[in-house]
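# Structural characterization, general
Here is what each chain is made of, one letter per residue.
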Amino acid sequence: MPETRPRKARQPMPQDRDDAFAWIDAQRERRDRAGLVRRLSPRPADSPLLDLASNDYLGLARHPEVTAAAAAAAHRWGAGSTGSRLVTGSTELHTTLERELAEFCGFEAALVFSSGYAANLAAVSALSGRDALVVSDADNHASLIDGCRLSRAEIAVVPHADPNAVRKVLGAAGEEAHAGEAKRRALVVSDAVFSVDGDAAPLAALAGVSRPYGAALVVDEAHGLGVLGEGGRGAVHGAGLAGAPDVVVTATLSKSLGSQGGAVLGPARVIEHLVNSARTFIFDTGLNPAAVGAALASLRLLRREPERAARVRTVAMGLYGRLTAAGLAAVRPDASVVSVRAPSPEEAVRWAADCRAAGLMVGCFRPPSVPDGVSRLRLTARGDLTEAQVEEAVDVIVRTAPTA
């Protein structure tokens, strides 16, 4: 028999060793003091609350055609896509959605991702790189910001919705190139509609200051698709930039289309480049067939009923008009988001809770989710809301508003 040696007894961990996650407790205490604690609130399938919090702008998430298409896709293709898009995760359904989405929005090609977040990471990181310059709006969504961070490019954050600031940054980079340095790739990145206050970006002006310097424009249409442009084709289409060789659009399928997933749309060579270089495409599991089927059904429904987009804008302006007439500080919406200012994070939380107790679900945005540090109620206008429901929502919000 081989010789066996007695095992060395394990030494007990020193009692005075630091707790590895003690820092989490300290951060939790700071959040508690600042009124910034976030908690999950699971909703039942048949919630009685009037919903002005979700991003289901067109009211399609529960539309019979959309849910039936999701079920049919799951039955035919399976519950999951079974792998990355480059292995087994691409189905004929994915290809159909990409073709019809590109055609609808006016672009040469499209590529579907597992989320809008993944699409933004892909577009920004794969189209820039270590030697590139990325000019980013100060109020851009977190996914665009993270794409900038992952890009390893030089990042210039410019004041919100300020094309002149973009021009100055690109001009300075151009002067460096004239001084003998190699010309760098440049990318200008902006939301089409900003998610906090619901204001639209000056897209035509951004394109105008980008083109003289050879900079590409990447626009996140998360809150524009299905709401702005002809028949809901998006803010980029509305600005006359759809299909331009230097414009790329990212979008989510989880808002107006009531499903899940994301997409990048643009010139065919850009899409081919993403297939070969975007890490969130190459190494991620493909979007599940049910979500693809649902998004495709929603897209076709929107094409058939383009008035749905205009209805969302009408509801948003109705909410804004009634709330400001009641003396509340609301931001005029350019699309579907209506932002109502709150005095403090604590008051915003209480206000949202009081609305919920009165039968109305609203969003509550507090730092660090808001770039200016101002807490808000965030209302999302849905195209399927009736005038009576709009009146009810306004009544609850006004009645529960914090007193001065």
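See above for the structure.
Residues numbered from 1 in each chain as written. Predicted model: local features only at pLDDT ≥ 70, side-chain atom pairs only at ≥ 80, totals over all residues. Heavy atoms only, no water.

With that settled, consider the sheet that holds strand β1 (residues 50–52). Strand order in the open sheet made by the five strands is β1-β11-β12-β10-β9, with mixed pairing throughout. In this open sheet, the two edge strands, each paired with only one partner strand, are β1 and β9 (330–331). In this structure, β9 lies alongside strand β10 (residues 337–341), joined through two bridges in antiparallel fashion. From the neighbouring strand, Ala330 faces β10, where its bridge partner is Val340. Across the sheet, helix α13 (residues 345–357) is in contact with β10, β11 (360–365) and β12 (376–380); its angle to β11 comes to roughly 165 degrees. Relative to β1, helix α14 (residues 387–400) is tilted by about 80 degrees, and along the sheet it contacts β1, β11 and β12. (Pairing = 2+ DSSP bridges. Helix = DSSP H or I, 4+ residues; strand = E, 2+ residues; numbered from the N terminus. Contact = heavy atoms within 4.5 Å. Axes fitted to C-alpha atoms, helices over the stretch in contact; angles between N-to-C directions.)

Relative orientation of the contacting elements helix α4 (residues 116–126) and helix α9 (residues 268–277) amounts to 100 degrees, with a least axis distance of 10 Å. It follows that α4 is roughly perpendicular to α9 by the angle criterion. Residue-level inspection shows Ala122, Ala123 and Ala126 of α4 in contact with α9, the latter providing His273, Leu274 and Ser277. Looking at the contact of α4 with α9, its residues break down into four nonpolar, two polar and no charged. (Parallel < 35°, antiparallel > 145°, perpendicular 65-115°, else oblique. Nonpolar A, V, L, I, M, F, W, Y, C, P; charged D, E, K, R; others polar.)

This paragraph deals with the packing of aromatic side chains. Considering all chains together, one arrives at one aromatic pair under this definition. Centre to centre, the rings of Phe113 and Phe281 are 5.6 Å apart; their planes meet at 70 degrees, and the pair counts as edge-to-face. One end of the pair, Phe113, is in strand β2 (residues 109–113); the other, Phe281, is in helix α10 (residues 279–282), with 168 residues separating them in the sequence. Each member of the pair, Phe113 together with Phe281, is buried. (Phe/Tyr/Trp six-rings, centres within 6.5 Å; stacked < 30°, edge-to-face > 60°. Buried < 20%, exposed > 50% of the residue type's maximum accessible area, 1.4 Å probe, protein only.)

You can see Glu100 is positioned in helix α3 (residues 92–105). Excluding its chain neighbours within four sequence positions, the residues that come into contact with Glu100 are Leu296, Leu299, Arg300 and Arg303.

All right, on to unusual backbone geometry then. With a phi angle near 65 degrees, Arg152 is a residue other than glycine that sits in the positive phi range. Tracing the backbone shows Arg152 in the loop between α5 (142–151) and β4 (154–158). Positive phi is not limited to glycine here, since Ala161 has a value of about 50 degrees. Looking at the secondary structure, you find Ala161 in the loop between β4 and α6 (163–178).

The subject of this paragraph is the nonpolar core. If you look at the biggest cluster of nonpolar residues, it comprises 63 residues, and the most contacted ones within it are Leu203 and Leu265. In terms of residue count, the dominant contributor to this core is helix α11 (residues 289–304) (10 residues). Here this core gathers at least three residues from each of two domains, domain 1 (46–60 + 306–400) and domain 2 (64–304). Those residues in contact with Leu203 that lie beyond four places of it in its chain are Ala192, Leu217, Val219, Ala235, Val236, Ala239 and Leu241. Core analysis: the next-biggest nonpolar cluster, separate from the first, contains 28 residues, Ala330, Val340, Val394 and Val396 among them. (Core = buried A, V, L, I, M, F, W, Y, C linked by side-chain atoms within 4.5 Å. Domains from an automatic or database assignment.)

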